[in-house]
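Commentary on secondary and tertiary structure
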Amino acid sequence: ACASLGVFKLTSPGADGSARFVNTALSSVLRIDHPNSQRAMVGHNAEDLYTAWGKLAEVVANPSGPIAWDLANPKHLSTRGGIWSKFEASRGAEEQFARAMTSLDSLGAKAMVSDGPWYKFSRVIDVGGGRGHFLYRILQAHSNATGIVVDRKNVIQIAREAWSPHGPF
């Protein structure tokens, strides 16, 4: 179906007769090494959010009951519950979420940094900042400012790695 829409391209069959698909310009953003990669956002939506949306009817039918996330992920209720507990239990899920939030840069972060009044501030605080990707962009553009990322302990560690000399920023 995706090949018929030009998302992927069907190449000649392999020696065993199996089909082989390759990326096109439309699907290249699903590669993790693409500068505007949306791979993590797709993964986050499919793995973390889709199941919760599937519980929406139950939440509407019983609004005083559990939230959709808890219905979709009952094994994480033994701790605090919620998506944050899932992320704390799984470094891979936490990193995927951080990358998904970073991928939002492609939705206009450059314009927000250049058009916003950031030059007026000597300190910028990013609360719930994920890897601090937006803060990082602000500080790149406005070297007179300092920045602080306020988030959970696990997320701060991911931010430190992202901001390190070997990180993606």
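Below: a short report on this structure. Just so it is clear, the model here is predicted, and its values are computed rather than measured. Chains are numbered independently. Their residues run from 1 in the order of the written sequence. Thresholds applied to this predicted model are a pLDDT of at least 70 for local features of residues and 80 or more for the giving and counting of side-chain atom pairs; totals over whole chains, interfaces and linings are not thresholded and use all residues. Side-chain figures throughout are based on the complete set of non-hydrogen atoms in the structure, without hydrogens or water.

Segments assigned H or I by DSSP are reported as helices when at least four residues long, segments assigned E as strands when at least two residues long, and all are numbered from the N terminus. What the chain contains, in helices and strands, is 8 helices and 4 strands. On C-alpha atoms alone, the chain measures out to a radius of gyration of 20 Å, which is more than a quarter above the 15 Å that the 2.2 N^0.38 rule sets for 169 residues. Only protein chains enter the area calculation, which uses a 1.4 Å probe; residues under 20% of their type maximum are buried, those over 50% are exposed, and those in between are partly exposed. Taken over 169 residues, the chain has a buried fraction of 32%. Sequence separation of at least 24 residues holds for 41% of the intrachain contacts in the chain that already meet a minimum separation of 6. Note that accessible areas follow from Shrake-Rupley with a 1.4 Å probe, and for residues the cover is restricted to the protein chains shown. A total accessible area of about 10,900 Å² is found for the chain, and carbon and sulfur atoms account for 60% of it. The positive charge centre, built from 18 side chains, and the negative charge centre, built from 14, are 4 Å apart in the chain. In this description the radius of gyration comes from C-alpha coordinates, and the expected globular size is given by 2.2 Å times residues to the power 0.38. Two residues qualify as a contact provided that any one of their heavy atoms is within 4.5 Å of a heavy atom in the partner residue. For the purpose of charge, His is not counted, nor are the chain termini; Lys and Arg are scored as positive and Asp and Glu as negative. For this purpose, a charge sits on NZ of Lys, CZ of Arg, CG of Asp or CD of Glu.

What follows is about the layout of surface pockets. What the largest pocket holds in volume is close to 530 Å³. As for the largest pocket, its lining consists of 22 residues, of which I32, R99, T102, R131 and P168 are closest to the centre. Residue contributions to the lining of the largest pocket peak at 6 residues, all from helix α5 (residues 91-103). Taken together, the residues that form the lining of the largest pocket break down as 7 nonpolar, 7 polar and 8 charged. Both site types are read off a 1 Å grid over the protein atoms alone. A 1.4 Å probe that fits but cannot get out defines a cavity, while an open set with protein on both sides within 12 Å along at least five of seven lines defines a pocket; lining residues have an atom within 4 Å of a point. Grid points are joined across faces, edges and corners, and a volume is the space filled by probe spheres set on the points. All amino acids are sorted into three groups, where Ala, Val, Leu, Ile, Met, Phe, Trp, Tyr, Cys and Pro are nonpolar, Asp, Glu, Lys and Arg are charged, and the leftover types, Gly among them, are polar.

Bringing helix α7 (residues 133-141) into the picture now. Three or more residues of α7 are buried, namely H133, L135, Y136, I138 and L139. Considering only its buried residues, α7 is in contact with α5, α6 (109-115), β3 (123-127), β4 (146-150) and α8 (153-163).

Tracing the backbone shows Q96 in helix α5. Once residues within four sequence positions are removed from consideration, Q96 is found in contact with A40, G43, H44, E47 and D48.

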